[in-house]
Amino acid sequence: MNSPQTRYLVFFQYVGTNYSGVMKTLTDQPVLGVQNYLERAAQNLRPLTPIKFYVSSRTDTGVHALCNSAHLDVQRAAGKPPFPESVIVSALNYHLKPEPIRILSAYRVSDNFHARFSALSRTYVYRLVTGCSHHSQIPVFERDLCWAPKGDHLNVPAMQEAAGSLLGTHDFSTFRSVSSETPFKSPIKTLAQVDIRPSSGFMSHHYEYRGLQFWELEFKSRSFLYKQVRRMAGALVAVGQGRLAPYHIKELLEIRDLLAYPLNTMAPAAGLFLKSVEYDDADVDTEGNAAE
């Protein structure tokens, strides 16, 4: 008789520049998804059945994750106990070594836990840098990790005023892009947090003389629509540049038409990071159960 399956929740991070996104793609594609590499590494655990990662939060081509999550089921041969969480982390990371993908921690969870549907909220951060007259002036250490919009500065108070219109429960139809799921997903979302704050770049204190200023736009909600964060970030930057006024953000929400979104305004993928996925503590036993 085979051993029962054991379900694990894993938190992982990646630099998304060279992947098609986090979700699995056909193996004959020239660019694969992060999930392809996770599942390839997991087969080295020698499970009785192939391991599939159920990813909590989809990210697109070029988007990064400071912390994404997924659950997986591992079934071992008869008589073999479940893997300790520390083994899951170390074994996966060993076989992921060539890739900029790392498992941060692992937890055993109940069989009815689902990484996507059990999530309470997700937080994204969008990184900007001002003071670059051209994208080629972005420091090499920041390449593909932030966006340098045109102009030397942004009107941050105007952006913060505009961000207030996004808070709360709205129909975000104007702020989503078309996908295969568009007809089946409600555009009603509740944005719990929008913050705009100064930040620092990697090793930025070594080139302070250049006058670069980094910014972070942070968005928190239970879930988001397809490309919603990039469209919200782009619209807020347009306010900061003076191309839109703060009241335009409220108008765009009220129009509820994705075709009303201003052309060439959506923020590029490179500056976007999934920061965290939050769960109820009762679903994830963190007492002595994690491995980092």
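Everything numeric here is computed off the predicted structure, so don't read it as measured data.

### With respect to the layout of surface pockets
Logical step 1: Put simply, the second largest pocket is a space of about 230 Å³.
Logical step 2: As for the second largest pocket, its lining consists of Leu66, Val125, Arg127, Phe141, Glu142, Leu145, Phe202, Glu216 and Phe273.
Logical step 3: In terms of residue class, the lining of the second largest pocket is made up of six nonpolar, no polar and three charged.

### Notes on the packing of helix H3 (residues 156–166) against helix H5 (residues 246–255)
Logical step 1: Viewed as axis vectors pointing N to C, H3 and H5 meet at an angle of 20 degrees, and their least axial separation amounts to 7 Å. Taken together, H3 and H5 sit at an angle that is classed as roughly parallel. At the point where H3 passes H5, the crossing takes the right-handed sense. Contact residues: H3 offers Ala158, Glu161, Ala162, Ser165 and Leu166, while H5 offers Pro246, Ile249, Lys250 and Leu253.
Logical step 2: A per-class count over the contact of H3 with H5 returns six nonpolar, one polar and two charged.

### Some details on helix H2 (residues 85–95)
Logical step 1: All buried positions along H2 are accounted for by Glu85, Ile88, Val89, Leu92 and Asn93. When H2 is viewed along its axis, its buried side chains cluster within an angular range of 110 degrees and face the same direction.
Logical step 2: The secondary structure elements touched by the buried residues of H2 are strand E1 (6–14), helix H1 (34–42) and strand E4 (101–109).

### A closer look at the domain arrangement of the protein
Logical step 1: Looking at the assigned domains, one finds that the protein contains domain 1 (5–117) and domain 2 (121–276).
Logical step 2: Contact with domain 1, which involves 18 residues of that partner, is made by 17 residues of domain 2.
Logical step 3: When domain 1 packs against domain 2, close to 1200 Å² is buried across both sides, 50% of that on carbon and sulfur atoms.
Logical step 4: Looking at the side of domain 1 facing domain 2, the largest losses of area belong to Asp60, His64 and Leu66, adding up to 37% of the total buried there.
Logical step 5: Across the domain 1-domain 2 interface, the total number found is nine residue pairs in polar contact (both at pLDDT 80 or more).
Logical step 6: In the side of domain 1 that touches domain 2, the residues fall into seven nonpolar, eight polar and three charged.

What counts, and at which threshold
Residues numbered from 1 in each chain as written. Predicted model: local features only at pLDDT ≥ 70, side-chain atom pairs only at ≥ 80, totals over all residues. Heavy atoms only, no water. 1 Å grid on protein atoms, 1.4 Å probe; cavity = no way out; pocket = protein on both sides within 12 Å on 5 of 7 lines; lining within 4 Å. Points joined across faces, edges and corners; volume = space filled by probe spheres on them. Nonpolar A, V, L, I, M, F, W, Y, C, P; charged D, E, K, R; others polar. Axes fitted to C-alpha atoms, helices over the stretch in contact; angles between N-to-C directions. Helix = DSSP H or I, 4+ residues; strand = E, 2+ residues; numbered from the N terminus. Parallel < 35°, antiparallel > 145°, perpendicular 65-115°, else oblique. Left-handed = near helix turned anticlockwise from the far one by under 90°. Contact = heavy atoms within 4.5 Å. Buried < 20%, exposed > 50% of the residue type's maximum accessible area, 1.4 Å probe, protein only. Arc of directions from axis to C-beta. Domains from an automatic or database assignment. Buried area = accessible area lost by both parts, 1.4 Å probe. Polar contact = N/O pair within 3.5 Å; in protein donor to acceptor, adjacent residues only side chain to side chain.

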